[in-house]
Amino acid sequence: MTREEKIILDTLEEFGIEHKVYRHEVANTIEEKKALDKAENITAKHCKNIFLTDRKKEHFYLLVMPFEKTFRTAEVSKELMSSRLSFASEDILFEKLCCRSGSLSSLSLIFDKSCEIALAVDGELLNFEELCFHPNVNTTTVTIKTEDYIGKFLPKIHHRPTFVTVSKKEA
């Protein structure tokens, strides 16, 4: 277990947030993830997590949305009223949230002590009973009730989500 994973899991315990932990191999494709979910009987909704910055790299955003949806820069930029959003670099991601690409989730916001990263959550996620997150490592999945994520976890780490609507992927 990595130091960051331990901090995240210990923090969930400290906050009294019920959660389940699943250890697994890295899933590189959606098909592999679905197979892992089936093997582990994971029914919670998976989230796609995208770390963004503006052109000047002065403002940072963590976008959390259903896994199946497609990120469209112009759409999300408009929703967040921020022009020219793009993917933040791997170095900035590590510096700000102590993780690497592929392991990011909003649980990583535990490491954003100054609350400089704005959280944007696709409102569709509120329709699911439980959500899946990586605790800064992509070989572990944590499931949390959505009401605990929104009502307990985020307030305790002092992050208030902005709810956005990301369009569904076009066929």
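Residues numbered from 1 in each chain as written. Predicted model: local features only at pLDDT ≥ 70, side-chain atom pairs only at ≥ 80, totals over all residues. Heavy atoms only, no water.

Draft legend 1. Quick look at the environment of Glu129. Within the secondary structure, Glu129 sits in the loop between strand E5 (117-122) and strand E6 (130-133). You can call Glu129 exposed: its relative accessible area is 65%. Taking the C-alpha atoms as reference points, Glu129 and Ala44, 85 residues apart in sequence, are found 7.2 Å from one another. Setting aside chain neighbours within four positions, we find Glu129 in contact with Ile144, Lys145 and Thr146. (Helix = DSSP H or I, 4+ residues; strand = E, 2+ residues; numbered from the N terminus. Buried < 20%, exposed > 50% of the residue type's maximum accessible area, 1.4 Å probe, protein only. Contact = heavy atoms within 4.5 Å.)

Draft legend 2. Seen up close, the pattern of salt bridges. Applying the stated criterion across every chain yields a total of 10 salt bridges. With its nearest N and O atoms 2.3 Å apart, the salt bridge here joins Glu5 to Arg23. Pair noted here: Glu5 is in helix H1 (residues 3-14) and Arg23 is in strand E1 (residues 19-23), with a separation of 18 residues, a long-range link. On the basis of relative accessible area, Glu5 is assigned to the buried category, the value being 3%. Note that Lys6 and Asp10 form a salt bridge whose closest N and O atoms lie 2.8 Å from each other. Of the two residues, Lys6 and Asp10 are both situated in helix H1; the distance of four residues between them amounts to about one turn of the helix. Salt bridges sharing common partners tie together Lys69, Asp122 and Glu124. (Salt bridge = Lys/Arg side-chain N within 4 Å of Asp/Glu carboxyl O.)

Draft legend 3. View of the pairing of strand E7 (residues 140-145). Burial of E7 is extensive: five of the six residues sit out of reach of the surface. Pairing of E1 with E7, which is carried by five bridges, proceeds in the antiparallel orientation. Within E7, the position partnered with Lys20 by the bridge is Thr143. Linking two consecutive strands that pair antiparallel, namely E6 and E7, is a turn of six residues; a positive phi of about 65° is found at Asn136 within it. (Pairing = 2+ DSSP bridges.)

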